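# Descriptive analysis of the structure
Each chain is listed here by its residues.
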Amino acid sequence: MTRRVASLRWRLLAATLAAVAVALTLAGVLLQGLFREHVMRQTEADLLRQLDLLTARLVVDAADQPRVDAALADPRWQQPYGGLYWQVDRQTPAAALGVLRSRSLWEDTLALPDDEPAQGEVHRHTLPGPQGSELRVLERTVRVGPADSAWRLSVATDLTETGAAVARFRGQLLLSLAMLLVLLGLAAWAQVAVGLRPLRDLRAALAALREGRAHRLPSG
């Protein structure tokens, strides 16, 4: 009887811990995905503001030559490989990339894919960037200037910091879930112990009846 109770206790505890572990694993995957999606949405919202600013400050002169009318405020535009980049290209099949570009690109250009966003439409890409970095890029095409030429405007940010933020969150989440698993395991142990107490009492009563220390089983 003692072995059966112990075996039942361990089976109940193992089943409870397995269910809790699966639930926490699924919750961890979901929370990590939601956090990464939130960070990427924030990153893209900031990039879209920068793209709007670049669009507003693009000027094309009578000779159909573009310029950015005023310096953009963020210091990362000026710092070589500062992690924030912009670029202006002619939207023609044979156009060279980087007709205008931020100082932060230094001697590099944004290697944009061969697509043609519709007027005002924003396209999003994840592309390799300077010094082996990974970039999130937003681009749009606008028509401006006396010749009504099409210009492809793009802004990009280095995803290194985004990846680091997601990694930090993942580490903190794993630690929190591990601590929660331990606490829930202790709670499950206590619950199983309390739940099997009547069975242990019955076992003790049967042993007493068998050994002559009692004449009947206790009621209730």
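Residues numbered from 1 in each chain as written. Predicted model: local features only at pLDDT ≥ 70, side-chain atom pairs only at ≥ 80, totals over all residues. Heavy atoms only, no water.

The helix and strand tally for the chain stands at 3 helices and 7 strands. From first element to last, N terminus to C terminus, the chain shows the α and β order α-β-β-β-β-β-β-β-α-α. Within the span of the chain, comprising 220 residues, buried residues form 34% of the whole. As displayed, the chain offers around 13,400 Å² of accessible surface, 59% of which is attributable to carbon and sulfur atoms. (Helix = DSSP H or I, 4+ residues; strand = E, 2+ residues; numbered from the N terminus. Buried < 20%, exposed > 50% of the residue type's maximum accessible area, 1.4 Å probe, protein only. Areas by Shrake-Rupley, 256 points an atom, 1.4 Å probe, with all protein chains shown as cover.)

All told, the structure shown has 7 salt bridges when counted by the stated rule. Residues arginine 124 and glutamate 44 are paired through a salt bridge, measuring 2.8 Å at the closest nitrogen-oxygen approach. Residue arginine 124 is found in strand β5 (residues 122-128), and its partner glutamate 44 is found in helix α1 (residues 2-57); the two are separated by 80 residues along the sequence. Arginine 49 is the partner of aspartate 46 in a salt bridge, and the nearest nitrogen-oxygen pair spans 3.6 Å. In this pair, aspartate 46 and arginine 49 are both assigned in helix α1, 3 residues apart and thus about one turn of the helix distant. Ionic contacts of the salt-bridge type, sharing partners, join the residues Glu44, Arg124 and Arg136 into one network. (Salt bridge = Lys/Arg side-chain N within 4 Å of Asp/Glu carboxyl O.)

Most often, soluble globular proteins have nonpolar side chains that are buried together. Of all hydrophobic cores here, the largest spans 16 residues; its most connected members are Leu54, Trp86, Trp151, Leu153 and Val155. Of all elements in the fold, only α1, β1 (58-60), β3 (84-90), β6 (134-144) and β7 (149-158) reach the threshold of two or more residues within this core. Sequence-distant contacts of leucine 153, defined by excluding residues within four places in its chain, comprise Leu51, Leu54, Thr55, Leu58, Gln87, Val88, Leu138, Glu139, Arg140 and Val142. In this structure, Leu112, Leu127, Leu135 and Val137 belong to the second largest nonpolar core, which totals 8 residues. (Core = buried A, V, L, I, M, F, W, Y, C linked by side-chain atoms within 4.5 Å. Contact = heavy atoms within 4.5 Å.)

This brings us to the sheet that holds β7. Spatially, β4-β3-β7-β6-β5 is the arrangement adopted by the 5 strands of the open sheet, whose pairing is antiparallel. Each edge of the sheet is formed by a strand with only one pairing partner; in this case those strands are β4 (100-101) and β5. As paired strands, β5 and β6 are joined by 7 bridges and run antiparallel to one another. The residue bridging histidine 125 from the neighbouring strand is valine 137, located in β6. (Pairing = 2+ DSSP bridges.)

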